[in-house]
Amino acid sequence: MTEWTWDSSLYGGSAPYYALGRIAYPGDLAVALADALGLDGAGRLLDIGCGPGSLTLLLADRFAEVVGVDADRGMIAEADRLAAEAGIGNARWVCRRAEELPADLGAFRLITFAQSFHWMDRPRVAAIARGMLELGGACAHVHANTHVGVDGSDVPHPRPPHERIAALAERYLGPIRRAGRGLLPHGTPAGESAIYRAAGFGGPTRIEIPGRTVTRDIDEVVAGVFSQSRYAPDLFGGERASFETDLRTLLSAAAPDGIFAERTRDIAVDLWRP
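Residues numbered from 1 in each chain as written. Predicted model: local features only at pLDDT ≥ 70, side-chain atom pairs only at ≥ 80, totals over all residues. Heavy atoms only, no water.

Draft legend 1. Quick look at the pattern of salt bridges. Counted under the stated rule, the structure contains 15 salt bridges. In this structure, the salt-bridge partner of E262 is R159, at a minimum N-O distance of 3.4 Å. Taken together, the positions of E262 in strand 10 (residues 259–263) and R159 in the loop between strand 5 (133–143) and helix 6 (162–173) put the pair 103 residues apart, joining distant regions of the chain. Linking D246 and R171 is a salt bridge whose minimum nitrogen-to-oxygen distance equals 3.9 Å. Separated by 75 residues along the polypeptide, D246 in helix 9 (residues 240–254) and R171 in helix 6 bring together distant segments of the chain. Here D246 falls in the partly exposed class, since its relative accessible area comes to 26%. Each of D151, R159, R216 and E262 takes part in salt bridges that share partners, so that together they form one network. (Salt bridge = Lys/Arg side-chain N within 4 Å of Asp/Glu carboxyl O. Helix = DSSP H or I, 4+ residues; strand = E, 2+ residues; numbered from the N terminus. Buried < 20%, exposed > 50% of the residue type's maximum accessible area, 1.4 Å probe, protein only.)

Draft legend 2. Inspection of empty space enclosed by the protein at higher detail. Taken as a whole and assessed by the stated rule, the structure comprises two cavities of 30 Å³ or more. Taken together, 30 residues make up the lining of the largest cavity; nearest its centre are Y11, G49, D70, S116 and W119. Of all the elements in the fold, those that place two or more residues in the lining of the largest cavity are strand 1 (44–48), helix 3 (54–58) and strand 2 (65–70). Looking at the lining of the largest cavity residue by residue, the class counts come to 15 nonpolar, eight polar and seven charged. Along the walls of the second largest cavity sit I23, A24, A144, N145, T146, R212, T264, R265 and I267, which together make up its complete lining. The residue inventory of the lining of the second largest cavity, partitioned by class, reads four nonpolar, three polar and two charged. (1 Å grid on protein atoms, 1.4 Å probe; cavity = no way out; pocket = protein on both sides within 12 Å on 5 of 7 lines; lining within 4 Å. Points joined across faces, edges and corners; volume = space filled by probe spheres on them. Nonpolar A, V, L, I, M, F, W, Y, C, P; charged D, E, K, R; others polar.)

Draft legend 3. Local environment of helix 5 (residues 122–132). R122, V125, A126, I128, A129 and M132 are the residues of helix 5 that are buried. Projected down its long axis, helix 5 carries its buried residues within an arc of 165°, all on one side. Pointing more than 90 degrees away from the buried face of helix 5 are the exposed residues P123 and G131. (Arc of directions from axis to C-beta.)

Spelled out as structure tokens, the structure:
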């Protein structure tokens, strides 16, 4: 099997589901970054692989300007819609692959990668990001899972049946993880620390934000499934509606009142500086 390569269908059809289906980053994340970096409303943020602006918009009031870059046009359109809906006027959205930066975007006080770095040519993008930082700037790598929590017995409602959801999707898509037009039999790559160091970064300084208990209804869990690249709606083709019907039947049986709960994973942020 040839090595997986990115293509524009990676999140085909996922953008409208992302904001509803993903667990929002907590406000404590913005507070922790502001405290660690002395963010005071000045300077610029570049969020690379921003999706629909989940982190970009959370941090918007900490900067004079925030710029979100994503290769998926649907995600950029959704980010623009959500910014307008929230009345955030200092956000700019650029549809472009990270590998095509710097693209005359200028220098930034903070560059963030939140659940995105693994989709990129990481050595190339890390080197580009280092060159886009202003003096004293930093790069933040956010380790988080916003689509699935952790097992726990102290939640007030059933946990979403993630294992049964995966088994159902496998019936439609096959046993090997799909990713756009390619396959990821071994999942996404790790080992980003060595890549940052090779690109000339020092550190990291780690920030940790504890998990919390969240409740989700069936619509949110369904959206969370479709927000994932491995279950992107376009992968199901003509069977998408049938899969959603089966998924909703599974969820209704797992939680007759339609409410789920789970504990989110802790969020860790590694701050890298040139």
